[in-house]
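# Descriptive analysis of the structure
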Amino acid sequence: MEVAVVGGSTRQILGSYRGKCMELRWERRNIRSKAKGEKEKRVSVKNKKEKVPIYISTNPSHINSEELRDLCSACNHSCHRFPKYLDCDTDVVEAVDIHKLRTALSHSSLVVSVFCKPTDVLLYTTKSSSEINTTSNKNIQIQIQGLGLGLGLKDLFQQLMPVTPFNAQLVGFGRAVSDFGLTASIYDVMVIPSLRGMGIGRMILKRLVRMLASRDIYDIAAVCSEKERMFFKACGFGDDILGSTTMMYSRKVSTYDEGDQLVIRAGQKLLLAPALKETSASLKAKNS
Amino acid sequence: MGVFGSIRVLRLRAGFWESIKSGLLKDDTTQVIETSPEPQVEEPLPEEFVLIEKTQPDGAIEQIIFSSGGDVDVYDLQSLCDKVGWPRRPLSKLAAALKNSYMVATLHSIRKSPEPEGGDQKKLIGMARATSDHAFNATIWDVLVDPSYQGQGLGKTLVENIIRALLQRDIGNITLFADSQVVEFYRNLGFEPDPEGIKGMFWYPKF
């Protein structure tokens with residue numbers, strides 16, 4: 001299938017950087033069949049490289065906020081650093097507030113979104129969730145072929161259509177906030193679980209970094225949890241060379257605090273704002 | 001009255017503080033579906049107030065004014081950075097960074113001359129800025145106070161005001177990257193280092 005790269009030269013919203021902001025790519029997926037422990041069932045490891053067409057875009061208008069919220073849920077990602085869990089014995093985070101998400105999107109300096117055809121997503125969801133041994137692998141093969149044969153003409157046509165943001169599912173995302181002078185921060189990089197390990201996350205990050213570097217910003221920070229650290233490390237991020245310590249505001253409400261307070265909820269934390277300064281007039285009133 | 005100057009902390013503008021005093025306690029566990037469009041309060045309302053007023057021995061009055069309007073002269077900022085010993089950064093980049101920051105808080109010292117015809121001298125003595133996505137995350141960068149004005153709680157005021165402004169807008173992830181010598185300073189302001197294993201990582205360009 002020969003598909004030309006769809007590249008429109010679109011004016012990016014912030015600044016006059018003219019460049020491709022949409023393109024079609026193919027990702028390779030390594031499909032290995034793991035041999036079972038017992039010697040009798042050992043088979044040669046198959047390295048089957050398959051290509052999945054994906055569409056990577058840096059155009060913010062390609063993002064549907066509801067789709068993004070659903071992607072967050074699929075990735076169990078909360079935009080809060082200390083998310084609130086739905087239940088005390090589960091690690092499922094509460095859904096992202098759509099209004100805040102929209103605000104965040106509109107104020108993000110750069111966004112990268114990755115799309116994939118729903119049928120392909122479905123395919124890989126089935127593959128990754130099944131047991132990996134020779135017999136089931138064969139079954140999957142047959143299943144896929146069956147899928148192809150079982151599809152009607154309309155579906156076959158759909159399969160031949162190139163993937164665009166308008167007919168595809170959002171499967172990956174990443175955004176950066178920058179002052180376009182000195183610094184940038186990367187937030188919310190995510191890829192749906194079934195398509196991980198294919199280099200999509202890395203592609204998103206590389207694209208963000210490339211766009212920032214083209215605007216002369218090299219001080220790029222990404223605040224990440226323990227789990228995300230390996231991913232960022234593999235993409236070329238490391239500890240601060242200047243040895244700075246990452247700190248987060250976490251002053252909480254305590255039983256000793258009195259009076260008017262400004263308290264906000266951020267995920268599971270209740271943050272207390274610094275108190276207002278007492279003026280000399282109000283102090284005198286207290287003491288009299 | 002006496003030989004030494006008197007320090008007076010002036011009352012802040014009434015309306016502003018009244019609106020904050022009412023406080024905000026978010027406690028919703030239920031999903032509220034809003035049909036009305038969200039209020040378009042985009043940028044934080046710039047505020048300016050006198051923090052400290054001092055009468056000096058020669059009769060001159062020095063006021064230290066806090067402002068969040070972000071009215072910073074880049075040259076003044078450059079010289080302030082020199083005073084604290086920071087490496088020089090291109091002016092155009094400084095200007096762009098200031099322009100695109102979510103909030104720029106400044107401290108200026110205004111010296112009103114004792115003579116009636118004497119003019120006012122205004123100089124930048126402190127600054128702090130924060131970038132944000134206006135919804136979830138904010139990072140505080142570049143907190144600096146003129147060395148001759150340090151030790152008075154001015155840096156604390158700058159940072160506290162930024163935190164307050166961010167929390168008022170419901171921005172809960174407030175991060176910063178502190179040099180080793182200022183980690184304690186921020187700890188006293190309510191910041192926690194590497195909370196729950198969260199760390200900042202930086203990109204390393206491969207040449």
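Numbering of residues begins from 1 in every chain and follows the order in which that chain's sequence is written. As they are written, the chains are lettered A onward and the ligands numbered 1 onward, keeping that order. For a predicted model such as this one, the threshold for reporting local features is a pLDDT of at least 70, and the threshold for listing and counting side-chain atom pairs is 80 or more; totals across whole chains, interfaces and linings nevertheless cover every residue. Only heavy atoms go into the side-chain values, all of them from the structure, while hydrogens and water stay out.

Keep this limit in mind: UniProt positions are given in the numbering used here, feature names are shortened, and annotations may be inferred rather than shown by experiment.
Looking up chain B in an unreviewed UniProt entry gives the name N-acetyltransferase domain-containing protein, with the organism given as Quercus rubra. Reading the Sequence similarities (unreviewed entry) entry of the UniProt record for chain B gives the comment "Belongs to the acetyltransferase family."

The name given to chain A in an unreviewed UniProt entry is N-acetyltransferase domain-containing protein, with Quercus rubra as the source organism.

### As for the overall build of chain A
The line we're drawing: Every helix listed is a DSSP run of H or I at least four residues long, and every strand listed is a run of E at least two residues long, numbered separately from the N terminus. Buried, partly exposed and exposed residues are distinguished by accessible area as a fraction of the type maximum, computed with a 1.4 Å probe on protein chains only: under 20%, between the cut-offs, and over 50%, respectively. Residues count as neighbours in contact if any of their non-hydrogen atoms are within 4.5 Å of one another. Each accessible area is a Shrake-Rupley estimate made with a 1.4 Å probe; only the visible protein chains count as cover when residues are assessed.
If you tally the helices and strands in chain A, you get 8 helices and 12 strands. Expressed as a percentage of the 288 residues in chain A, the buried residues total 46%. Relative to all contacts within chain A whose residues are 6 or more apart in sequence, the contacts with residues 24 or more apart total 67%. Carbon and sulfur atoms make up 54% of the accessible area of chain A, which totals about 15,800 Å².

### Notes on the packing of aromatic side chains
Basically, it comes down to this: Think of it this way: a Phe, Tyr or Trp ring, Trp meaning its six-membered ring, pairs with another when their centres are within 6.5 Å, and the plane angle makes it stacked under 30 degrees, edge-to-face over 60, tilted otherwise.
Applying the stated criterion across every chain, the model contains 8 aromatic pairs over all chains. Measuring from ring centre to ring centre gives 5.4 Å for tyrosine 249 of chain A and phenylalanine 191 of chain B, while their planes differ by 70°; the resulting arrangement is edge-to-face. Of the two residues, tyrosine 249 of chain A is situated in strand β10 (residues 245-249) and phenylalanine 191 of chain B in strand β8 (residues 191-193); the pairing between them involves two chains. A relative accessible area of 2% places tyrosine 249 of chain A in the buried class. Measuring from centroid to centroid gives 5.0 Å for phenylalanine 177 of chain B and phenylalanine 202 of chain B, while their planes differ by 70°, and the two rings are edge-to-face. Here the residue phenylalanine 177 of chain B occupies a position in strand β7 (residues 173-178), and phenylalanine 202 of chain B occupies one in strand β9 (residues 199-203), the gap between them amounting to 25 residues. Like phenylalanine 202 of chain B, phenylalanine 177 of chain B is buried.

### Concerning the interface of chain A and chain B
Operational definition: The term buried area denotes the loss of accessible surface (1.4 Å probe radius) that occurs when two parts are joined, taken as the sum for both partners. Think of a salt bridge as a Lys or Arg side-chain nitrogen and an Asp or Glu carboxyl oxygen that are within 4 Å of each other. N or O atoms within 3.5 Å of each other form a polar contact, as long as, within protein, one can give a hydrogen and the other can take it, and as long as residues adjacent in sequence are counted only when both atoms are side-chain atoms. Note on residue categories: nonpolar means Ala, Val, Leu, Ile, Met, Phe, Trp, Tyr, Cys or Pro, charged means Asp, Glu, Lys or Arg, and polar means any other residue, Gly included. We call two strands paired when DSSP finds no fewer than two bridges between them.
At the junction of the two partners, chain A supplies 71 residues and chain B supplies 69 residues. Both faces considered, chain A and chain B share a buried interface measuring about 6,800 Å² in area, 58% of it formed by carbon and sulfur atoms. Our enumeration of links across chain A and chain B arrives at 4 salt bridges. When the shortest N-O distance is used, the salt bridge between arginine 129 of chain B and aspartate 179 of chain A registers 2.7 Å. Linking chain A with chain B are 25 residue pairs in polar contact (both at pLDDT 80 or more), by the criterion used here. If one sorts the elements of the side of chain A that touches chain B by residue count, strand β8 (residues 219-224) of chain A sits on top with 6 residues. Here the side of chain A that touches chain B is composed, by residue class, of 34 nonpolar, 18 polar and 19 charged. Note that β8 of chain A and β9 of chain B share 4 bridges and pair antiparallel. From the neighbouring strand, alanine 222 of chain A faces β9 of chain B, where its bridge partner is methionine 201 of chain B.

### Quick word on the pairing of strand β2 (residues 48-55) of chain B
The side chains of a regular strand alternate, first on one face of the sheet and then on the other. Residues and elements named next belong to chain B. Here β2 runs beside strand β3 (residues 61-67); their pairing, made up of 7 bridges, is antiparallel. Bridged to phenylalanine 49 within β3 is phenylalanine 66. Between the end of β2 and the start of β3, which pair antiparallel, lie 5 residues, with glycine 59 showing a positive phi angle near 95°.

### Focus: the nonpolar core
Let me state the cut-off plainly: Residues belong to one nonpolar core when they are buried, are Ala, Val, Leu, Ile, Met, Phe, Trp, Tyr or Cys, and are joined through side-chain atoms within 4.5 Å.
If you look at the biggest cluster of nonpolar residues, it comprises 55 residues, and the most contacted ones within it are Leu68, Ile186, Leu195, Ile220 and Phe237 of chain A. Top element by residues in this core is helix α6 (residues 200-214) of chain A. It accounts for 8 residues.

### Section: the packing of α6 of chain A against helix α7 (residues 226-234) of chain A
All names here are of chain A. Selection rule: Interaxial angles span 0 to 180 degrees and are taken between N-to-C directions of axes, which are lines fitted to C-alpha atoms, for helices over the stretch in contact. In this scheme the handedness of a crossing depends on how the near helix is turned from the far one: anticlockwise by less than a right angle means left-handed, clockwise means right-handed.
Axis separation between α6 and α7 bottoms out at 10 Å; the angle between their running directions is 65°. Relative to α7, the crossing made by α6 is right-handed. Across from Gly201, Arg202 and Leu205 in α6, the residues of α7 making contact are Phe231, Phe232 and Ala234. Classifying every residue of the contact of α6 with α7 gives 4 nonpolar, 1 polar and 1 charged.

### Details of the confidence of the model for chain B
All names here are of chain B. The line we're drawing: One confidence number per residue, pLDDT, is output by the predictor and ranges from 0 to 100.
Residues at a pLDDT of 70 or more form 77% of chain B, whose mean pLDDT is 81. For residues 1-14, every residue scores under 50 in pLDDT, and the model assigns this stretch 19 contacts once sequence neighbours within four places are set aside. For residues 21-41, every residue scores under 50 in pLDDT, and the model assigns this stretch 18 contacts once sequence neighbours within four places are set aside.

### Looking at the side chain of histidine 62 of chain A
With respect to the secondary-structure elements, histidine 62 of chain A resides in the loop between β4 (47-57) and α1 (65-74). Under the relative-accessibility criterion, histidine 62 of chain A is labelled buried at 11%.

### What about a negative patch on the surface?
All names here are of chain B. As a reminder, the rule being used: Two distance rules govern patches: like charges are joined within 9 Å, and nonpolar side chains (Val, Leu, Ile, Met, Phe, Trp, Tyr) within 5 Å, applied only to residues with over 30% relative accessible area and no salt bridge. His is not counted, nor are the chain ends, whereas Lys and Arg count as positive and Asp and Glu as negative. To locate a charge, the coordinates of NZ of Lys, CZ of Arg, CG of Asp or CD of Glu are taken.
A surface patch of negative charge is lined by Glu48, Asp71, Asp73 and Asp76. Within the secondary structure, aspartate 71 sits in the loop between β3 and α2 (74-84). Exposure remark for aspartate 71: the relative accessible area of 61% places this residue in the exposed category.

### A closer look at the side chain of serine 101 of chain B
Structurally, the position occupied by serine 101 of chain B is in the loop between α3 (91-99) and β4 (103-112). Within the structure, serine 101 of chain B has its side chain in polar contact with the backbone oxygen of alanine 97 of chain B (distance 2.6 Å). If sequence neighbours within four positions are ignored, serine 101 of chain B has contacts with Asp179 of chain A together with Arg129, Ala130 and Thr131 of chain B.

### Points about the state of the cysteines
Quick reminder of the rule: Put simply, a disulfide is two cysteine sulfurs that come within 2.5 Å.
Tallied over the full model, the rule gives 0 disulfides over all chains. Distance from the sulfur of cysteine 72 of chain A, which forms no disulfide, to the nearest cysteine sulfur (cysteine 79 of chain A) is 4.8 Å.

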